[in-house]
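Summary of the model geometry
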Amino acid sequence: MVRVEFLGPIQKPSLELEIQNLNELAAVLQEDAELSEWLKNCAVAVNDTLVSSLEAPLKDGDKISLLPPVCGG
Amino acid sequence: MLELYDGSLDVPKILKEWYEGEATSNYGAYIPFVGTVRSEDGIDGLSFDIYEPILNSWFDAWQEKAKAKGAIIKMAHSRGDVMLHESSYIAAVFSPKRRVALEFIDEFVEDFKASAPIWKYDLLDGKRVYAADRSTPIKGSGLLAKEN
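A word on the overall build of chain B. Looking only at helices and strands, one finds three helices and seven strands in chain B. Along its sequence from the N terminus, chain B presents helices and strands in the succession β-α-β-β-α-β-β-α-β-β. Overall, chain B is about 50 × 40 × 25 Å in size when its C-alpha atoms are taken along their principal axes. Looking at the 148 residues of chain B, the share that counts as buried comes to 31%.

Here it is as structure tokens:
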């Protein structure tokens with residue numbers, strides 16, 4: 001089981017999913033019409049480290065975060 | 001040093017503390033940048049969400065880069081609401097000579113805008129409206145979208 005958190009303005013409760021990698025996460029989240037616009041502009045972190053590939057395996061207890069476009073200052 | 005505050009920043013106090021904290025560290029230059037909320041588009045102020053774990057690791061990486069040049073970075077940012085003419089952001093670089101600090105403050109603030117996990121909202125008629133048009137996707141965004 002992994003936990004998926006939606007940060008900042010996405011305003012969606014977190015999810016608990018039985019998935020093995022980020023490709024499976026992409027497939028699940030793309031089904032959600034409300035999320036599809038966000039996915040185009042979101043960065044992804046696994047256990048608070050940004051990732052650049054969907055291939056890395058996930059393990060039980062991993063935390064995945066979706067980070068929409070930022071604007072500090 | 002990274003400091004997060006609820007609401008607006010007490011700019012004179014923070015700048016003074018940083019100045020005094022490094023007074024005998026033998027830095028020749030102290031270059032602060034202060035970001036203040038301006039009146040535009042009818043807003044009452046701004047509001048911020050911060051994701052601290054990634055902000056901390058982003059900041060630590062910059063602190064290492066500064067250290068390699070004999071400099072240090074300090075940063076303060078607000079969480080929640082900051083009203084017009086109040087300040088939400090201070091970044092400062094201390095370095096032995098001015099050139100390093102002048103260049104570093106520019107690079108640091110630009111990367112802060114593009115990469116730091118902070119989300120900005122306009123306060124408009126009592127509502128919090130995400131500043132989508134002023135926001136920047138973090139490098140590598142779109143990984144989970146259909147095109148991939």
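Don't stop here, the text continues.
As a further point, take the environment of B:Phe112. Its place among the elements puts B:Phe112 in helix α3 (residues 98-115). Its 23 C-beta neighbours within 10 Å are what place B:Phe112 among the buried residues. Taking the C-alpha atoms as reference points, B:Phe112 and B:Leu123, separated by eleven residues in sequence, lie 22 Å from one another. Residue contacts for B:Phe112: discarding those within four places in its chain leaves A:Gly72, A:Gly73 and B:Ala91.

Before going further, it helps to examine helix α2 (residues 52-68) of chain B. For α2(B), built from 17 residues, the straight-helix expectation of 24 Å at 1.5 Å per residue is met to within 8% by its first-to-last C-alpha distance of 24 Å. For α2(B), the complete set of buried residues consists of B:Ile54, B:Leu55, B:Phe59 and B:Trp62. Along the long axis of α2(B), the arc covered by the buried residues comes to 130 degrees, so they all point the same way. Exposed residues lying more than 90 degrees from the buried face of α2(B) are B:Asp60, B:Ala61, B:Glu64, B:Lys67 and B:Ala68. Looking at the buried residues of α2(B), the elements they touch are β3 (43-46) of chain A together with β1 (2-6), β3 (45-50), β4 (72-83), α3 and β6 (118-124) of chain B.

All names here are of chain A. In spatial order, the strands read β2-β1-β5-β3-β4; together these five strands make up an open sheet with mixed pairing. In this open sheet, the two edge strands, each paired with only one partner strand, are β2 (15-17) and β4 (49-50). Pairing geometry for strand β1 (residues 2-6) and β2, over three bridges, is antiparallel. Bridge pairing in β2 places Val-4 opposite Leu-15.

This part covers the interface of chain B and chain A. Accessible area lost when the parts come together is the quantity often used to give the size of an interface. At the junction of the two partners, chain B supplies 31 residues and chain A supplies 25 residues. Across the side of chain B that touches chain A, the residue classes break down as 16 nonpolar, ten polar and five charged.

This part is about the confidence of the model for chain B. Averaged over all residues, the pLDDT of chain B equals 97, while 99% of them reach at least 70. Predicted complex, confidence summary: ipTM 0.95, pTM 0.96.

The next point concerns the nonpolar core. Among soluble globular proteins, nonpolar side chains are generally buried collectively. With 53 residues, the main nonpolar core has A:Cys42, A:Val44, B:Ala91, B:Val93 and B:Phe108 as its most contacted residues. Ranked by residue count, the leading element in this core is strand β5 (residues 87-95) of chain B, at six residues. Filtering out sequence-adjacent residues up to four positions away, B:Val93 remains in contact with B:Ile31, B:Ala66, B:Ala71, B:Ile73, B:Ala101, B:Phe104, B:Ile105 and B:Phe108.

Reading the values: the criteria
Residues numbered from 1 in each chain as written. Chains lettered and ligands numbered in written order. Predicted model: local features only at pLDDT ≥ 70, side-chain atom pairs only at ≥ 80, totals over all residues. Helix = DSSP H or I, 4+ residues; strand = E, 2+ residues; numbered from the N terminus. Buried ≥ 20, exposed ≤ 12 C-beta atoms within 10 Å, placed from the backbone. Contact = placed C-beta atoms within 7 Å. Expected span 1.5 Å × (residues − 1). Arc of directions from axis to C-beta. Pairing = 2+ DSSP bridges. Nonpolar A, V, L, I, M, F, W, Y, C, P; charged D, E, K, R; others polar. pLDDT = per-residue confidence, 0-100. Core = buried A, V, L, I, M, F, W, Y, C linked by C-beta atoms within 7 Å.

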